Amino acid sequence: MMTEIDLADIKRITELIKTRYNYDFTNYALSSFKRRVSRILELNKLSVDRLIQKLENPEFLEYFLNEITVNVTEMFRDPSFWRALREKILPQIMVNHKKIRIWHAGCSSGEEVISMSIMLREMEIEEDVQIIATDLDTNILKRAKEGRLPLKNMELNERNYVRYQGTGKLSDYYTPQKDIAIMDPTLLDNVSFRQHDLVRGEVFNKFDLVLCRNVMIYFNQHLQNEVLNKLHESLFKYGYLAIGSKESLIWCDIAGKFLVVNNEEKVYRKIKE
Amino acid sequence: MSPGSSHSTRYKAIVIGGSAGSFQGIVKILSALPDSFPIPIIMCLHRLKHVRNGFVEALSLKSVPEIIEPYDKQPIKKGKVYLAPANYHLSVELGNYFSLSTEEMVNNSRPAIDLTFHSSSYVFRDKMIGILLSGANRDGGLGMKSVKDKGGLTIVQDPAECMIDTMPKAAIDLAEIDHIYSIDNIISFLLKLNNIKYES
């Protein structure tokens, strides 16, 4: 653990990926990006030079993207956030909209998307909501689409669900099979998954609610500002943006175009175009 | 320049790690420090992940300086005390600000002390002090080694005084430790940096 990588080597890696594959990691937060790269070096017992050689191979790039992105997540992470969504935010959106569009930006292995679907089903508004879930990493998207979660995580997911005060039992929504929890496939009926890079990707649609939680923490402030501009553009006026509980818009250029709706849970509302 | 001020400008951060059995020690250290203590203090303590605010509230019941659980990208300021938020790793970035991450647990812990020590030693080099207190696993040991490797000063709580000594002992195994101190001695040491006399 903790191989130290030179900044010059980090630059060689990001330059190669940028010119060859058009993914730009230049403005990722340095400490975590360095840790992800050393993790790959250690897992595969590679030198930096060998890593750079291997990155010429697009198949290895797929693997690299899968490891470089952080895919550690929980269902109903921050149960109080989900309660706020259920009790305040969604009812507010429902007042003015018959149909709701939600974007999970950086959906990873899909825990947040499934939590959303369960919440909407329990609120009996599943049919009125269309969900788009995107991630940079096609491998993790494939997993999310399958709706299969590691069984060993279900204990934690269950605890979060209980704290969220769901109306059912989490076990009603999945079937255990060996070490996998197979989620009820109908939970993903209203969800479309697609590959999208927040850094290089275009704004592709408008939404009433965008969830981008614990994604921008892997970016530096410059990139956070750029991405926030895209998220802002992807929201209808008076749409809502939810970020991680320890993220903040305070230092961001775009703060003035949002109103803080819930400071504890970090939910913002777009008030200016 | 007086010896005191040269000391306090020498160090840019004090990073404290602790786990089981460190709460009393932390409270004692923080309540002994004056409000004007000039060096930022960054704490990474193992804690219950689902209790988002309880720890800060428990600490704030004691007469200690205000404790900040930093947001991602929050700048590190003189005279402030920071605590790694629950369920996030806390890193220090070049340019003197924090970043948070939800990466895999390290040593079964998030926040992991190794990770905070490692990233802060990279930024602060010989201008930091790493302090490791009582704890029940080996987290922090390798982090102390990176503090020492970068020229920082390493202090562990005397294992004889610790409620659970696994953590300080691991650090003594893995890293060169400059001082093995009781909590009282840690306090005197920190106050001396700022030319203040401590009477326990």
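In this text the structure is predicted, and so the values were computed from the model without any measurement.

**Things to note about the sheet that holds strand 9 (residues 179-181) of chain B**
Residues and elements named next belong to chain B. Strand order in the open sheet made by the 7 strands is 3-4-2-1-7-8-9, with parallel pairing throughout. At either end of the open sheet lies a strand with only one pairing partner, and these are strand 3 (67-68) and strand 9. In the sheet, strand 1 (residues 13-18) pairs with strand 2 (residues 41-45) via 5 bridges, with the strands oriented parallel. Within strand 2, the residue paired with Gly-18 across the bridge is Leu-45.

**Some remarks on the state of the cysteines**
Residue and element names in this part refer to chain A. Under the defined criterion, the tally for this structure stands at 0 disulfides over all chains. The cysteine Cys-212 is free of any disulfide, with Cys-107 supplying the nearest cysteine sulfur at 11 Å. Just so you know, Cys-252 is unpaired, no disulfide at all, and the nearest cysteine sulfur is the one on Cys-212, 11 Å from it.

**Some details on the interface of chain B and chain A**
Put simply, an interface is often sized by how much accessible area is lost when its parts join up. Residue-level contacts link 33 residues of chain B with 37 residues of chain A. Between chain B and chain A the total buried area reaches about 3000 Å² when both faces are included, carbon and sulfur atoms providing 50% of it. Between the two partners, chain B and chain A, sit 5 salt bridges. One salt bridge in this structure joins Glu-104 of chain B and Arg-36 of chain A, with 2.8 Å as the shortest N-O distance. Counting across the chain B and chain A interface gives 17 residue pairs in polar contact (both at pLDDT 80 or more). Among the elements of the structure, strand 5 (89-93), strand 6 (97-101) and helix 4 (113-124) of chain B are those that each provide at least two residues to the side of chain B that touches chain A. The element best represented in the side of chain B that touches chain A is helix 4 of chain B, accounting for 5 residues. A class-by-class count of the residues in the side of chain B that touches chain A yields 12 nonpolar, 10 polar and 11 charged.

**Some points on the packing of aromatic side chains**
All told, the structure shown has 18 aromatic pairs over all chains when counted by the stated rule. When the centroid spacing of 6.5 Å and the interplanar angle of 65° are considered together, the rings of Trp-251 of chain A and Tyr-71 of chain B count as edge-to-face. Residue Trp-251 of chain A is found in the loop between strand 8 (235-243) and strand 9 (258-262), and its partner Tyr-71 of chain B is found in the loop between strand 3 and strand 4 (81-83); the two belong to separate chains. On the basis of relative accessible area, Trp-251 of chain A is assigned to the partly exposed category, the value being 27%. You can call Tyr-71 of chain B buried: its relative accessible area is 19%. An aromatic cluster is defined as three or more aromatic residues linked by ring pairs; in this entry it consists of Phe-25, Tyr-28, Phe-33, Phe-64 and Phe-219 of chain A. For the cation-ring pair, Arg-213 of chain A lies above Phe-81 of chain A, with the distance from its terminal atom to the ring centre recorded as 3.8 Å.

**Let's talk about the domain arrangement of chain A**
Residues and elements named next belong to chain A. What the domain assignment lists for chain A is domain 1 (7-68) and domain 2 (79-270). Centre-to-centre separation of domain 1 and domain 2, based on C-alpha positions: 28 Å. In this complex, domain 1 contributes 12 residues to the contact, which on the side of domain 2 involves 15 residues. Roughly 1200 Å² is buried in total at the junction of domain 1 and domain 2, and carbon and sulfur atoms are behind 47% of that figure. In this assembly, domain 1 and domain 2 are joined by 1 salt bridge. In this structure, Asp-24 and Arg-200 form a salt bridge, with 3.5 Å as the shortest nitrogen-oxygen distance. Taken together, the connections running from domain 1 to domain 2 amount to 6 residue pairs in polar contact (both at pLDDT 80 or more). For the side of domain 1 that touches domain 2, the element with the highest residue contribution is helix 4 (residues 58-68), accounting for 3 residues. Along the lines of polarity and charge, the residues of the side of domain 1 that touches domain 2 split into 5 nonpolar, 4 polar and 3 charged.

Criteria and cut-off values
Residues numbered from 1 in each chain as written. Chains lettered and ligands numbered in written order. Predicted model: local features only at pLDDT ≥ 70, side-chain atom pairs only at ≥ 80, totals over all residues. Heavy atoms only, no water. Pairing = 2+ DSSP bridges. Helix = DSSP H or I, 4+ residues; strand = E, 2+ residues; numbered from the N terminus. Disulfide = S-S within 2.5 Å. Contact = heavy atoms within 4.5 Å. Buried area = accessible area lost by both parts, 1.4 Å probe. Salt bridge = Lys/Arg side-chain N within 4 Å of Asp/Glu carboxyl O. Polar contact = N/O pair within 3.5 Å; in protein donor to acceptor, adjacent residues only side chain to side chain. Nonpolar A, V, L, I, M, F, W, Y, C, P; charged D, E, K, R; others polar. Phe/Tyr/Trp six-rings, centres within 6.5 Å; stacked < 30°, edge-to-face > 60°. Buried < 20%, exposed > 50% of the residue type's maximum accessible area, 1.4 Å probe, protein only. Lys NZ or Arg CZ within 6 Å of the ring centre and 35° of its normal. Domains from an automatic or database assignment.

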